[in-house]
Each structure stands twice: as C-alpha cells, then as structure tokens.
Amino acid sequence: MAKVLAADLIRDVPDFPKPGILFKDVTPVLQNAAALQQAADLIAADAKSQGAEVIIGIESRGFVFGVPVALGLGLPFVMARKLGKLPYDRITEEYALEYGTNTIEMHTDSVTPGQRAYIVDDLLATGGTAAAAARLVERLNGHVCGFGFLVELTALEGRKNILGYPLHALIEY
Ligand code: AMP
C-alpha cells in the first residue's frame, strides 16, 4: 500500500485542551492538498468497498474529511451535529465523556430505511462519539456499513465501542 502522506503531517500538541491530553492536530493535513486528497481517496475506497450509499460526517472534523469522500463517490453527505445546531426535525443521542456528557443530532430525513451509511470522523479515541452516530443512523432504520477514520488511538480501545462494524483507520498510534 502507498505511504499515507498525512502520517508525517499530523502534529502532537501536549496538554490540549486540558492537561494530560496529547492532541492530534490534523490542520497541517488540510494545508497539504496531496495529503488531504490521498486521505479522502483512501477512505472513499473503503466506503465504496462497504457499499456505502450515504456518507455521515461527525462535527466538525468529520465534515472536512467526509465531504471529499462523498463528492469523490458521488454520494449524499449528512452532518451529525452537536446539540442545537440543526434547524429541522431531528433525533438526538447522548454519550458519556470522561467528565459529563455530549450530544449529537441528525435530521430525521437524512438517512432512509435500509440505506447503507458510512460514518467518517478524523479520529477514533474512546469510540463514544462514533457509537452515538451509529445509534442515530439505526434509529432512522439505516444500516451502518462501516466507519472510516484518519487516525485511531489504539490504546484507548475505541473499537470496543463499535464492535461488529467494519472499521478502517489510515493511521494508528
Ligand atoms: P471519542 O468519542 O473519545 O472517540 O472522541 C472522538 C472525537 O474527539 C473525535 O471527533 C476527535 O476529533 C476528538 N478527539 C478525541 N481525542 C482526541 C485527541 N487526542 N486528539 C485529537 N482529537 C481528539
């Protein structure tokens, strides 16, 4: 397989957003067109192999990587957004964080029954966000056909939160 160009660009920022967190900053990947294009192409190839019919991006870096995947495959794109951002009829899922909870929402007309949805985000950490996005799709009777991430932080074992779904990550730390 070709070398993943993004691997040399992702920047470690210690103690962001709070002490003890090593933040994986993907902004340098976005500033490099070849790396961004390659990342989108690799995720798109996986989405295609899983038979994706709609791409779901998780706010907000999942939008940045999900939109070029959807465009590359000629598929619809759906936003899974943070609480209070979506204007139309919506469903809501809460998930646990280290301290407290977070909430994401999707419009009720964003996935049709039986539709094969492929969920994209920049990074898999604990998997709480990804699992909540899968629940949103399934509440609309969609079928989660896979997950695509630029980065997986393997030590956090986020895969355990989305067991049973195909999962593709371009880079593992
Ligand atoms: P999680 O629900 O724990 O899998 O967290 C995933 C979400 O949080 C993704 O949208 C990531 O962008 C963000 N995130 C979590 N941990 C990190 C990290 N160490 N560096 C960058 N982003 C992170």
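Right above here is the structure, for reference.
Student: Got a minute to help me understand the environment of isoleucine 21 in this structure?
Tutor: Within the secondary structure layout, isoleucine 21 lies in the loop between strand E1 (11-14) and strand E2 (22-25). The exposure class of isoleucine 21 is partly exposed, given its relative accessible area of 32%. Taking the C-alpha atoms as reference points, isoleucine 21 and alanine 2, separated by 19 residues in sequence, lie 30 Å from one another. When residues no more than four places from it in sequence are discounted, the contact partners of isoleucine 21 are Val13, Pro14, Asp15 and Phe16.

Student: I would appreciate a short explanation of the nonpolar core in the present structure.
Tutor: The tendency in soluble globular proteins is for nonpolar side chains to be buried side by side. Ile56, Met106, Ile119, Val137, Phe147, Phe149 and Ile162 are the most contacted members of the largest nonpolar core, which has 27 residues in total. Breaking this core down by element, the ones donating at least two residues are strand E3 (54-58), strand E4 (77-82), strand E5 (90-96), strand E6 (101-107), strand E7 (116-124), helix H4 (128-139), strand E8 (143-152) and strand E9 (167-172). Ranked by the residues each element gives to this core, the list is headed by H4, at seven residues. Apart from the residues within four sequence positions on either side, valine 137 is in contact with Ile56, Met106, Val111, Ala117, Ile119, Gly142, His143 and Val144. Counting residues in hydrophobic clusters, the runner-up holds 25 residues, among them Val29, Leu150, Leu170 and Ile171.

Student: Help me understand the sheet that holds E3 in this model?
Tutor: Hydrogen bonding along the main chain pairs the strands of a sheet, whether they run parallel or antiparallel. Taken in spatial order, the seven strands of this open sheet run E5-E6-E4-E3-E7-E8-E9, and their pairing is mixed. The strands lining the two open edges of the sheet, one partner per strand, are E5 and E9. Averaged over neighbouring strand pairs, the angle between their axes works out to 20° when direction is ignored. Sheet topology note: the E7/E8 ladder contains eight bridges and is parallel. Along E8, the bridge assignment pairs isoleucine 119 with phenylalanine 147.

Student: Can you help me understand the side chain of glutamate 59 in this one?
Tutor: Among the structural elements, glutamate 59 can be located in the loop between E3 and helix H3 (61-73). For glutamate 59, a relative accessible area of 15% puts it in the buried group. A polar contact is formed between the side chain of glutamate 59 and the side chain of arginine 81, at a distance of 3.0 Å. When residues no more than four places from it in sequence are discounted, the contact partners of glutamate 59 are Ala80, Arg81, Lys82 and Lys85.

Student: What am I meant to see in the packing of aromatic side chains here?
Tutor: Two aromatic rings are characterised by how far apart their centres lie and by the angle between their planes. This model, assessed by the stated rule, comprises four aromatic pairs. Judged by centre distance (5.1 Å) and plane angle (85°), the ring pair of phenylalanine 16 and phenylalanine 23 falls under edge-to-face. Since its relative accessible area comes to 43%, phenylalanine 16 is described here as partly exposed. Classification of phenylalanine 23 by relative accessible area gives partly exposed; the value is 21%. Centroid distance phenylalanine 147 to phenylalanine 149: 6.0 Å. Interplanar angle 5°. Geometry classified as stacked. When its relative accessible area of 0% is taken as the criterion, phenylalanine 147 is described as buried. Put simply, the rings of Phe147, Phe149 and Tyr165 touch in pairs and so form one group of aromatic residues.

Conventions we followed
- Here the residue numbering is sequential within each chain, running from 1 through the sequence in written order.
- Owing to the predicted nature of the model, reporting of local features is limited to residues with pLDDT of at least 70; listing and counting of side-chain atom pairs is limited to 80 or more, with chain, interface and lining totals taken over all residues.
- The side-chain numbers reported here are obtained from all heavy atoms of the structure, hydrogens and water having been left aside.
- Strands here mean DSSP runs of E at least two residues long; helices mean DSSP runs of H or I at least four residues long; both are numbered from the N terminus.
- Classification of residues uses two cut-offs on accessible area relative to the type maximum, computed with a 1.4 Å probe and protein chains only: under 20% is buried, over 50% is exposed, and between them is partly exposed.
- For this analysis, residues touch if any pair of their heavy atoms sits within 4.5 Å.
- Definition used in this section: a nonpolar core is a set of buried Ala, Val, Leu, Ile, Met, Phe, Trp, Tyr and Cys residues joined via side-chain atoms within 4.5 Å.
- Between any two strands, at least two bridges found by DSSP are needed for them to pair.
- Each axis is a line fitted through C-alpha atoms, and for a helix only the stretch in contact is used; angles between axes span 0 to 180 degrees, taken between their N-to-C directions.
- Counting of polar contacts relies on pairs of N or O atoms within 3.5 Å, with two restrictions inside protein: one atom must be capable of donating a hydrogen and the other of accepting it, and residues adjacent in sequence are counted only when both atoms are side-chain atoms.
- For Phe, Tyr and Trp, where Trp contributes only its six-membered ring, two rings pair if their centres lie within 6.5 Å, and the inter-plane angle classes them as stacked under 30 degrees, edge-to-face over 60, or tilted in between.

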